[in-house]
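So you can see what is in the structure, the chains are spelled out below.
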2 protein chains.
Amino acid sequence: MRGFLVIGNKAVTEPFNINDLPGSAGRMDIMCRCIAQALFISHGVRKDVEIYLLLCGGTPFRAVRVCGGEIRNMAPDERNIAGLIRKALKNSSRRWKRSSPGIYTATMDFDELINELIMKYSIYYLREDGEKIQNVVSDLRNPLFVLGDHLGLSHEMEKVVLKHAEKVLSLSKVSYQADQCILITHYELDKFEHEIM
Amino acid sequence: MRGFLVIGNKAVTEPFNINDLPGSAGRMDIMCRCIAQALFISHGVRKDVEIYLLLCGGTPFRAVRVCGGEIRNMAPDERNIAGLIRKALKNSSRRWKRSSPGIYTATMDFDELINELIMKYSIYYLREDGEKIQNVVSDLRNPLFVLGDHLGLSHEMEKVVLKHAEKVLSLSKVSYQADQCILITHYELDKFEHEIM
């Protein structure tokens, strides 16, 4: 399995206007693109990938989990994905609850979510000053990559991630957008897996 | 300069419904994502990049040119970019005409567009059976990469591209979506440029 966790600093926690993802929905467009890049390849879905979003633009925070192996009828365009997130946010359960095939939400703070993720994954934090991912790609087992949206991670969240992270990893000297970081991470892992097969 | 040319096999050539990019607009969502991945990085725009679209979902075909060095007020979300393309398609001039800063359209067939591009660029065709891009990245001078949307290139278009292409290049054994191919191409070129600097 490969996992991603993206922090949406301003992303709203209630159903939102699908025609205003970058504005009143708090850069929900970034969240949608992260899901698309995590799960889609040409004419197919990555079934061995999960992506988690933590939406922090409301109180309490809401977590969204999207499982590549379970989704049905999801298309990679932002509007389609946004519609599925909006539907998921109609649920306000504290525990994971399914709103559509492969899409779950729960009310959760950052510590709770990380504590759940470390039971399943080895945590890697993507940050520009980290070790080059190319140097460690052969050592990654069941990785989950943590990254922020355009605002990065708060100091408090970063402290929690660093406590649990195996390593801090860097993709490039160029600063890419969050969805681009997800795709480049996939690309480096894909390249390694295809070389050894 | 780096350039990209994306063929939109079904992408419509008239102003379209911005709420139905994947459907009645003929997978215009793919075109929007290609523009976003060609031009945007975190908190910035790639000023040395141009992307051309050839919209083939109507007669005559329409070409769109977007120049990273000139655009203003473009955001990377699909809806924003789609609005700018829709505005551009209100023009039906045969020659390049500007509709917004950095965005131009013209009525043009594939041969005409390629004949214009070979005056400015060395052409490379991205196809899965090509030579690995990593092996030739140091030789690329003023490259323009040609790629298709989810339907690829028609046999006739492919013949024209192969006549003019310096090489056929491949990114990976994984089949990525068109916008993903653009980002991975940037990533490989960025990596090389930062290593030699």
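Here, residues in each chain are numbered from 1, in the same order as that chain's written sequence. As they are written, the chains are lettered A onward and the ligands numbered 1 onward, keeping that order. Where local features are concerned, this predicted model is filtered to residues with pLDDT of at least 70; where side-chain atom pairs are given and counted, the filter is 80 or more; whole-chain, interface and lining totals use all residues. The side-chain values count all of the structure's non-hydrogen atoms but skip hydrogen atoms and water molecules.

(A) Spotlight on the packing of aromatic side chains. Between rings of Phe, Tyr and Trp, where Trp is taken as its six-membered ring, a pair exists when centres lie within 6.5 Å; planes separated by under 30 degrees are stacked, by over 60 edge-to-face, and by other angles tilted. In total, this model carries nine aromatic pairs over all chains according to the counting rule given. Relative to F145 of chain A, the ring of Y124 of chain A has its centre 6.0 Å away and its plane inclined at 35°; by these criteria the two rings are tilted. Of this pair, Y124 of chain A sits in strand β8 (residues 122-132) while F145 of chain A is found in strand β9 (residues 143-148), placing the two residues 21 residues apart along the sequence. Three or more aromatic residues joined by ring pairs form one cluster here, namely Y176 and Y187 of chain A together with Y176 and Y187 of chain B. For a lysine, the NZ atom is tested; for an arginine, the CZ atom; a charge sits over a ring if that atom is within 6 Å of the ring centre and within 35 degrees of the ring normal. Geometry around W96 of chain A places R65 of chain A over its ring, the cationic atom sitting 5.2 Å from the centre. Of note, R65 of chain B hangs over the ring of Y104 of chain B, and the distance from its end group to the ring centre comes to 4.4 Å. Helix and strand definitions here come from DSSP, where helices need a minimum of 4 consecutive H or I residues and strands a minimum of 2 consecutive E residues; each element is numbered from the N-terminal end.

(B) Spatial organisation of the packing of helix α1 (residues 28-39) of chain B against helix α2 (residues 78-88) of chain B. All names here are of chain B. Only C-alpha atoms enter the line fits that serve as axes; for helices the fit covers just the stretch in contact. Angles between N-to-C directions range over 0 to 180 degrees. Viewed as axis vectors pointing N to C, α1 and α2 meet at an angle of 105°, and their least axial separation amounts to 9 Å. Here α1 lies roughly perpendicular to α2, going by the angle between them. Across from M28, D29, C32, R33, I35 and A36 in α1, the residues of α2 making contact are E78, I81, A82 and I85. Each residue gets one of three labels, nonpolar for Ala, Val, Leu, Ile, Met, Phe, Trp, Tyr, Cys and Pro, charged for Asp, Glu, Lys and Arg, and polar for the others, Gly among them. Its residues assigned to classes, the contact of α1 with α2 shows seven nonpolar, no polar and three charged. Roughly parallel refers to an angle under 35 degrees, roughly antiparallel to one over 145, roughly perpendicular to one between 65 and 115, and oblique to any angle outside these ranges. By definition in these notes, contact holds between two residues if any of their heavy atoms fall within 4.5 Å.

(C) A look at helix α3 (residues 110-117) of chain B. All names here are of chain B. Three exposure classes are used, based on accessible area relative to the maximum for each residue type with a 1.4 Å probe and protein chains only: buried under 20%, partly exposed in between, and exposed over 50%. Along α3, the residues classified as buried are F110, L113, I114 and L117. Viewed end-on, α3 has its buried residues packed into an arc of 95°, placing them on one side of the element. Whenever two N or O atoms come within 3.5 Å, that pair is a polar contact, provided that in protein one can donate a hydrogen and the other can accept it, and provided that, for residues adjacent in sequence, both atoms are side-chain atoms. The distance from a side-chain oxygen at the start of α3 to the backbone nitrogen of D111 is 3.3 Å, and the residue carrying that oxygen is D109. The directions considered for the arc run from the helix axis to the C-beta atoms.

(D) Highlighting the pairing of strand β9 (residues 143-148) of chain B. Residue and element names in this part refer to chain B. Burial analysis of β9 places six of its six residues in the buried class, the great majority of the element. Residues P143, F145 and L147 of β9 are buried on one face, and the alternating residues L144, V146 and G148, pointing to the opposite face, are buried as well. Only strands joined by at least two bridges in the DSSP assignment are considered to pair. Summarising the sheet, strand β8 (residues 122-132) and β9 pair through four bridges and their orientation is parallel. Bridge pairing in β9 places I123 opposite L144.

(E) Representation of the relation of the copies chain B and chain A in the model. If you rotate chain B by 180° and push it 0.0 Å along the axis, it lands on chain A with an RMSD of 0.0 Å. Such a combination of rotation and displacement between the chain copies is what one expects of a two-fold axis. Both copies contact each other with a shared surface, as 100% of the interface residues of chain B are interface residues in chain A too. When the copies are overlaid, the least-squares fit takes in C-alpha atoms only where the residue has pLDDT of at least 70 in both copies.

(F) Highlighting the interface of chain B and chain A. Contacts between the two partners involve 34 residues from chain B and, on the opposite side, 34 residues from chain A. As used here, buried area is the combined drop in accessible area, with a 1.4 Å probe, of two parts when they are placed together. Summing the contributions of chain B and of chain A, the shared interface buries around 3000 Å²; its carbon and sulfur component is 52%. Broken down residue by residue, the surface that chain B buries against chain A is led by Q180, L183 and Y187 of chain B, which jointly contribute 18%. The salt bridge definition used is simple: a Lys or Arg side-chain nitrogen within 4 Å of an Asp or Glu carboxyl oxygen. For the pair chain B and chain A, the interface holds two salt bridges. Linking E188 of chain B and K191 of chain A is a salt bridge whose minimum nitrogen-to-oxygen distance equals 3.5 Å.

(G) Geometry of the sheet that holds strand β4 (residues 49-55) of chain B. Residue and element names in this part refer to chain B. Ordered by their spatial adjacency, eight strands build an open sheet running β6-β7-β5-β4-β1-β9-β8-β10, and the pairing between neighbours is mixed. Bordering the open sheet on either side are β6 (97-100) and β10 (167-170), each of which pairs with just one other strand. Strand-to-strand twist in this sheet, taken as the mean axis angle between neighbours without regard to direction, amounts to 30°. Each of β1 (2-8), β4 and β5 (62-67) touches α1; the most contacted strand, β4, lies at about 170° to it. Seen against the sheet, helix α6 (residues 178-196) touches β1, β4, β8 and β9 and runs at an angle of roughly 170° to β1.

(H) Expanded view of α6 of chain B. Between its first and last C-alpha, α6 of chain B extends 28 Å over 19 residues, near the 27 Å set by a 1.5 Å rise per residue. With respect to burial, α6 of chain B is a largely interior element, 14 of its 19 residues being buried. One less than the number of residues in a helix, times 1.5 Å, gives the span that helix is expected to have.

(I) Representation of the sheet that holds β9 of chain A within the structure. Residue and element names in this part refer to chain A. If you walk across this open sheet you meet the eight strands as β6-β7-β5-β4-β1-β9-β8-β10, and the pairing is mixed. Both edges of this open sheet fall to β6 (97-100) and β10 (167-170), since each of them pairs with a single strand only. Each neighbouring strand pair of the sheet contributes to a mean axis angle of 30°, computed without reference to strand direction. The strands touched by helix α2 (residues 78-88) are β4 (49-55), β5 (62-67), β6 and β7 (103-107); relative to β6, the strand with the most contacts, the crossing angle is about 140°. The strands that helix α5 (residues 155-164) touches are β1 (2-8), β4, β8, β9 and β10; relative to β8, the one it contacts most, it runs at about 110°.

(J) Local environment of the side chain of D149 of chain B. Residues and elements named next belong to chain B. Tracing the backbone through its elements, the reader meets D149 in the loop between β9 and α5 (155-164). Residues scored as charged are limited to Lys and Arg (positive) and Asp and Glu (negative), so that His and the chain ends carry no count. It is R27 that comes nearest to the buried, bridge-free D149 among opposite-charge side chains, at 7.7 Å. One polar contact links the side chain of D149 to the main-chain amide nitrogen of L151, over a distance of 2.9 Å. Aside from chain neighbours lying at most four places away, what touches D149 is V6, I7, G8, N9, K10, I30, M31 and A178.

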